[in-house]
Amino acid sequence: MKSFEPKIIGLFCNWCTYLAADLAGVSRMQYAPNLRIVRVMCSGRIHPEHVLWAFENGADGVLIGGCHPGDCHYIEGNFKNLRRYLLLKRLLKQFGIDERRLRLEWISASEADKLRRVVDEFTETLRELGPFAQEAPLFQAAESPSPIQKSTLGMKEED
Amino acid sequence: MAGRNGDLPRIGVYVCHCGTNIGGKVNVPEVVAFARTLPNVVVAREYKYMCSDPGQLLIKEDIQKLNINRVIVASCSPHLHEHTFRKATLEGGQNPYLFHMANIREHVSWVTDDPEKATEKAKAIIEAAVYRIQFHEPLESKQVPVNPDVLIVGGGIAGITAALTLANAGKKVYLVERESSIGGHMAKFDKTFPTLDCASCILTPKMTAVKDHPNIQLITYAEVLEVDGYVGNFTVKVKKKPRYVIEDRCIGCYVCVENCVYKTPKYPSEFDEGIGLRKPIYIPFPQAVPLVAVIDPETCIEFKSGRCPKKCQQACREVVGRDAIDFTQKEEILEIQVGAIVLATGFQTFDASRIPEYGYGRYPNVYTSLEIERLVNSSGPTGGEIVLRDGRKPRSVGIIHCVGSRDRNFNPWCSRVCCMYSLKLAHLVRERTGAEVYNFYIDMRTPGKGYEEFYEKLLHEGVHFIRGKVAEVTDWTINPEEAGRLVIRVEDSLIGVVRRIPVDMVILSVGLEPRADAEELRRLFNISCSAEGWFLERHPKLAPVSTYTDGVFIAGACQGPKDIPDTVAQAGAAAGEVLSLVDRGFIELEPNIAVIDARKCSGCHVCIALCPYSAISFNETENVAQINEALCKGCGVCVGACPSRAIHQQLFKDEQIMAEIEGLLMVE
């Protein structure tokens, strides 16, 4: 049997953490291939539902990356994100989901090495936690509360 | 099925090999074959370099011949080439925002060890792009006018060069300098390497030109306090510190300085690195621009006790008739409007006392290189005479390279200028004193036009070169030859012997490091720093003077250690970038703004309090929130908070983000 490889969705802000990931590339740092990145302009844009949607669709962990406090490109979006993150952590626990599956890190544009470390660490943590589907099988089976249905499936049916 | 915009999505996927950068790791043909199986993908192609003309032509031709209406390029970071491919999409005849970039170089091929895993990750990112782009819609970018005026922060050679270039092009320039005179570090030097031309002879005319230029407003003894706004339209608050001398009235005649109650200078002069002394009222150096006196309230008796006879003021009033001294002067806040900003805030030198074994601060005859610059300077405190603290001439001098540089305990980087300025100082010391000069170096680094030749010349001037990192400087002597002198202990790594070299004077070639307050400044201007603390350029090769904050440019040693020629070149480049920005007259803003659907808005006010730019207001008659497009910067904070889902962010709609997440998770 193939060993379990967790899938991580990274929700990264355009100005700090996304650039740190770019810098990790330019510096040819090697890190776990488990991370898949979605770019948003500011971590403050991230809606709790984006995180839940990721879990629902098969993510084993979600990594939110933003600028350090005080460094936000949009003044204080990262603080807005922090508030939602803390609340969401509590919500996850109520769903029976290990809160370690959601992680928030402040990673500036120059901290490629921190990004590498965090991704490798997080991958290890998720390996230990095992697949999300085992932990919360009902969560993924539930009907999506999202305003969009599974986008492409819907389209194929209509075709 | 019809797409969200009424048209059927016809997607073209273009996977770039980027030479071997992507192709060497990711199995591109496999990825392309996979892309062909994805929904609504009409065509998937691979090409060696998608950013090249033939690569872009593939996109344009497919748009025209195959009616492609969604374009995905899987290549490098959108920060590098998003603009290139949006333009290609536009030139092909489609709206440029019907494009999406899949980053499979920085985020995949360059960071993944295993080719198989890299290929799978690339597939996932492309699938995500295919899912996402179904929800893209045509957008129009907004144009806003650009204020052609420019702010330059820092009046060293970088700031001076940029200011003159821009002012000569007819732009209004505000040059803000923290010290009471412009000139920066270069004004302190005597000679410059490798041509040995006199620093002030080439700098002073430029400083004067700044002062006399009708397009330059020089604001010295001032610091930037606040920066507001965005590219093309910045509002900057500048704090002008009180110098207690009215600038417009002072003619720099020194009468006040001569009449100060202190008959002789008593306090260490900042400009002379503490080697020379000054009075509480002083002009930092004779070529200062503006040539205006300044009073230091920390040392002036009037400020300390209020009981000074104020002879300086009396002399200015009665002898000169200018009445320029004003003890009641207060700090002033100026507000200026500019379209672009150049940061040229320079560097500071490494604090040599951090290496106690070199004895700086403990042995009087251990100097930093900057102190020696003042000592050899003909307008310095000794008139250019190189003497020890007790006035004797040194018979032998040791110059220690790489102090604080290339050292894991301190700064790991090479400061780039120290080898060359050490050679210059070796030449000057040898020429003026005839002393034996020893250079202690780790590696000799002389890349630059005429630099290696200068080193070659020094080798024939009788200067000694000893390869090895100095262990310590000590006054613990063991033989009569060493008595009363300093001993440099070093392993000469070319002959493998530990040597003791007795000298009279030690010069520590201190490295360059970011200014102590670079971090505060960076935050003020909303730019990034490298891990070491240097201001971060947008791209190390292709955009060396731009930053990730549009309209803010960097020049000179604030970006990293560099010598005068490189600094001047960068200042010119920054001026060029500013011109290309402001001369266009307008800028196009990303259409990633937030939009409120009034039908869904419940009027709860949540978004209004969250917006960092006060771009959202409440429409009392309609009972809904409304966004001022001109003020929205597109962060999306309101979108993430709206409980009614009434706000969306263009280019980052929920459907787009969630479709992307879904796509990323489809590939195992």
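Let me begin by describing the structure that accompanies this report. Note that the structure is predicted; figures quoted are calculated from it, not measured. Residue numbers restart at each chain and count upward from 1, following the sequence in its written direction. Throughout, the order in which chains and ligands are written sets their labels, letters from A for the former and numbers from 1 for the latter. Selection of residues for local features in this predicted model requires a pLDDT of at least 70, selection of side-chain atom pairs for listing and counting requires 80 or more, and totals for whole chains, interfaces and linings are taken over all residues. Processing note: side-chain calculations cover all non-hydrogen atoms of the structure and skip hydrogens and water entirely.

1. What about the overall build of chain B?
Part 1 of the argument: Only DSSP runs of H or I reaching four residues or more are called helices, and only runs of E reaching two or more are called strands; each is numbered from the N terminus. In terms of regular secondary structure, chain B is built from 18 helices and 34 strands.
Part 2 of the argument: Dimensions of chain B along its principal axes, counting C-alpha atoms only, are 95 × 70 × 40 Å.
Part 3 of the argument: Here chain B holds 668 residues, and the buried ones make up 58% of them.
Part 4 of the argument: Contacts in chain B between residues far apart in sequence, at least 24 positions, make up 69% of those at least 6 positions apart.
Part 5 of the argument: Exposure was quantified through the Shrake-Rupley algorithm and a 1.4 Å probe, taking into account, for residues, occlusion by the shown protein chains and nothing else. As displayed, chain B offers around 27100 Å² of accessible surface, 50% of which is attributable to carbon and sulfur atoms.
Part 6 of the argument: Charged-residue counts in this description rest on Lys and Arg as positive and Asp and Glu as negative, His and the chain ends being excluded. Taken as the charge location is NZ of Lys, CZ of Arg, CG of Asp or CD of Glu. One finds the centroid of the 75 positive side-chain charges in chain B at a distance of 3 Å from the centroid of its 83 negative side-chain charges. Here's how the labels work: a residue is buried when its accessible area is under 20% of the maximum for its type, exposed when over 50%, partly exposed in between, all with a 1.4 Å probe on protein chains only. Should any heavy atoms of two residues lie within 4.5 Å, those residues are considered in contact.

2. Looking at the interface of chain B and chain A
Part 1 of the argument: With 59 residues of chain B in contact, the opposing surface of chain A contributes 59 residues.
Part 2 of the argument: Contact between chain B and chain A buries roughly 5500 Å² in total, counting both sides, with carbon and sulfur atoms accounting for 59%.
Part 3 of the argument: For this document, the term salt bridge refers to a Lys or Arg side-chain nitrogen within 4 Å of an Asp or Glu carboxyl oxygen. Inspection of the region where chain B meets chain A yields five salt bridges.
Part 4 of the argument: Between Arg645(B) and Glu49(A) there is a salt bridge; the shortest N-O distance is 2.4 Å.
Part 5 of the argument: Identification of polar contacts relies on pairs of N or O atoms within 3.5 Å, with a donor-acceptor requirement for protein atoms, meaning one able to donate a hydrogen and the other able to accept it, and with residues adjacent in sequence counted only if both atoms are side-chain atoms. Remark: the boundary between chain B and chain A carries 28 residue pairs in polar contact (both at pLDDT 80 or more).
Part 6 of the argument: Residue assignment for the side of chain B that touches chain A shows that the elements contributing at least two residues are helix H3 (78-92), helix H4 (105-109), helix H5 (115-133), helix H14 (518-524), helix H17 (637-641) and helix H18 (654-664) of chain B. Note on terms: buried area is the combined drop in 1.4 Å-probe accessible area of two parts once they are placed together, counting the loss on both.

3. Here we look at the side chain of Lys89(A)
All names here are of chain A.
Part 1 of the argument: Residue position: Lys 89 is located in helix H3 (residues 77-94).
Part 2 of the argument: The side chain of Lys 89 is buried and forms no salt bridge, while Glu 99, the nearest opposite charge, is found at 4.2 Å.
Part 3 of the argument: If near-sequence neighbours (up to four positions away) are discounted, Lys 89 is found in contact with Glu 99 and Leu 102.

4. Focus on the sheet that holds strand S21 (residues 396-403) of chain B
All names here are of chain B.
Part 1 of the argument: When DSSP finds at least two bridges between two strands, those strands are taken to pair. The strand order S20-S27-S21-S22-S23 describes an open sheet built from five strands, whose pairing is parallel. In the strand order of this sheet, the two ends are held by strand S20 (366-368) and strand S23 (464-467), each with one partner. On average, adjacent strands in this sheet sit at an angle of 20° to one another, irrespective of strand direction.
Part 2 of the argument: Bridge analysis of strand S22 (residues 436-441) against S23 gives four bridges, and the strand direction is parallel. From the neighbouring strand, Tyr 438 faces S23, where its bridge partner is His 464.
Part 3 of the argument: Each axis is a line fitted through C-alpha atoms, taken for helices only over the stretch in contact, and angles between the N-to-C directions span 0 to 180 degrees. Across the sheet, helix H11 (residues 369-376) is in contact with S20 and strand S27 (505-510); its angle to S20 comes to roughly 90°.

5. Brief notes about the nonpolar core
Part 1 of the argument: Core analysis: the largest hydrophobic core is formed by 85 residues, its most contacted members being Ile9(A), Val51(A), Val13(B), Val15(B), Ile126(B) and Ile661(B).
Part 2 of the argument: Of the residues forming this core, the biggest block, nine residues, is contributed by H5(B).
Part 3 of the argument: How far each domain reaches was decided by an automatic or database domain assignment. If you count residues domain by domain, this core takes at least three from each of domain 1 (11-140) and domain 4 (593-649) of chain B.
Part 4 of the argument: Leaving out residues up to four positions away in the same chain, Ile9(A) has contacts with Leu35(A), Arg36(A), Val38(A), Ala54(A), Ala59(A), Gly61(A), Val62(A), Leu63(A), Ile661(B), Leu664(B) and Leu665(B). The set of buried Ala, Val, Leu, Ile, Met, Phe, Trp, Tyr and Cys residues whose side-chain atoms join them within 4.5 Å is what this entry labels a nonpolar core.

6. As for the pattern of salt bridges
Part 1 of the argument: In this structure the tally under the stated criterion is 57 salt bridges over all chains.
Part 2 of the argument: A salt bridge links Glu91(B) to Lys60(B); the nearest nitrogen and oxygen atoms lie 2.8 Å apart. Within this pair, whereas Glu91(B) is found in helix H3, its partner Lys60(B) is found in helix H2 (residues 53-65), the two being separated by 31 residues in sequence.
Part 3 of the argument: Its relative accessible area of 40% is what places Glu91(B) among the partly exposed residues.
Part 4 of the argument: With a shortest N-O distance of 3.7 Å, Glu226(B) and Lys237(B) are connected by a salt bridge. Within this pair, whereas Glu226(B) is found in strand S11 (residues 222-230), its partner Lys237(B) is found in strand S12 (residues 233-240), the two being separated by 11 residues in sequence.
Part 5 of the argument: Connected through shared salt-bridge partners, Arg103(A), Glu105(A), Lys114(A), Arg117(A) and Glu121(A) make up one network.

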